[in-house]
Amino acid sequence: MKGIMLKDLYENFCIPKHLAAYIFGYCVTIICTFLSANQYTFILFTGIVFPILGACAAEYSTEEDEKSNFTKLQITFPVTKAQIILAKYLLGLVLISFSLLIDLIVSLIYISIFRTITITEMLKIIGLGVGFALIFLAVSYAGFFLLGKHWGTIIFLGFAAVLGGAVGLMISLNHADAVFTCSPLVLLGVLLIGALMTVL
């Protein structure tokens, strides 16, 4: 399992084009968060985009595995298929945690500069982001494992578009404030759904 995780880490961060994509994605997201300076785009970037960036690992590792036919070789290793999937999920959780840490740091700097939202509202948004990230991880990884890179990428982008579109619709209908006033039970429900989908 450790070897599989190290291989996927290499494919994500030691191959220049993948590392450049991560750096570009995080830099653009951070810049857009600060340039927008309003609570609605803050919801989009910190609640949706940062969590999604943390779930990109499967796309790059699946791409490299398919190029080298590593998937067929991998099943000959002295590990079960369940252990292979578990290793990839664990790496996904590690990368999501890293992305959410950046999210938290950026959010704290943002509210200290602009003060458009409170710390409580910020924590609600990040909490929802954690739930969305877990759901996104479960859905996208299932797509990559079962259907390969092509269809997995379509599912990945489709789910991201649905989440982004939902936030955009809320903003356009002036219902984005519901995120700030939502009950803690709603937040807990999203987190539980994310956790259950990740386990299943």
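Read on for an overview of the structure. What you see is a predicted model, and the numbers here were worked out from it, not measured in a lab.

What follows covers the packing of aromatic side chains. A full pass over the atoms with the stated rule returns six aromatic pairs. For the pair Phe13 and Tyr22, a centre-to-centre distance of 4.9 Å together with 25° between the ring planes defines the contact as stacked. Phe13 gets classed as partly exposed once you look at its relative accessible area, which sits at 28%. Taking 6.2 Å as the distance between ring centres and 50° as the angle between the ring planes, the aromatic pair formed by Phe34 and Tyr110 counts as tilted. Placement of the pair is Phe34 in helix α2 (residues 16–36) and Tyr110 in helix α6 (residues 81–114), with a sequence separation of 76 residues. Owing to a relative accessible area of 0%, Tyr110 belongs among the buried residues under this scheme. Of the aromatic side chains, those joined through ring pairs into one cluster are Phe34, Phe42, Tyr110 and Phe114.

Time to look at the nonpolar core. Counting 26 residues, the largest nonpolar core has Tyr22, Tyr26, Ile52, Ile96, Phe136, Tyr141 and Phe156 as the members making the most contacts within it. Ranked by residues supplied to this core, first place goes to helix α7 (residues 119–172) with eight residues. Not counting chain neighbours up to four residues away, the residues in contact with Ile96 comprise Pro51, Gly54, Ala55, Ala133 and Leu137. By size, the runner-up hydrophobic cluster in this structure holds eight residues, among which are Tyr110, Ile111, Ile117 and Ile126.

Cut-offs used in this document
Starting from 1, residues in each chain are numbered consecutively following that chain's sequence as written. Only residues with pLDDT of at least 70 are given local features in this predicted model, and only at 80 or more are side-chain atom pairs given and counted; all residues enter the totals for whole chains, interfaces and linings. In computing side-chain values, all of the structure's heavy atoms are included and hydrogens and water are not. Under the pairing criterion, centres of Phe, Tyr and Trp rings, with the six-membered ring standing for Trp, must be within 6.5 Å; the plane angle then separates stacked pairs below 30 degrees from edge-to-face pairs above 60, leaving the rest tilted. Think of it in three bands: residues with accessible area under 20% of the maximum for their type are buried, residues over 50% are exposed, and the middle band is partly exposed, with areas taken using a 1.4 Å probe on protein chains only. Labels follow the DSSP assignment, with helices taken as runs of H or I lasting at least four residues and strands as runs of E lasting at least two, numbered in each case from the N terminus. Only buried residues count toward a nonpolar core. Its members are Ala, Val, Leu, Ile, Met, Phe, Trp, Tyr and Cys residues joined through side-chain atoms within 4.5 Å. In what follows, a contact means two residues having at least one pair of non-hydrogen atoms within 4.5 Å.

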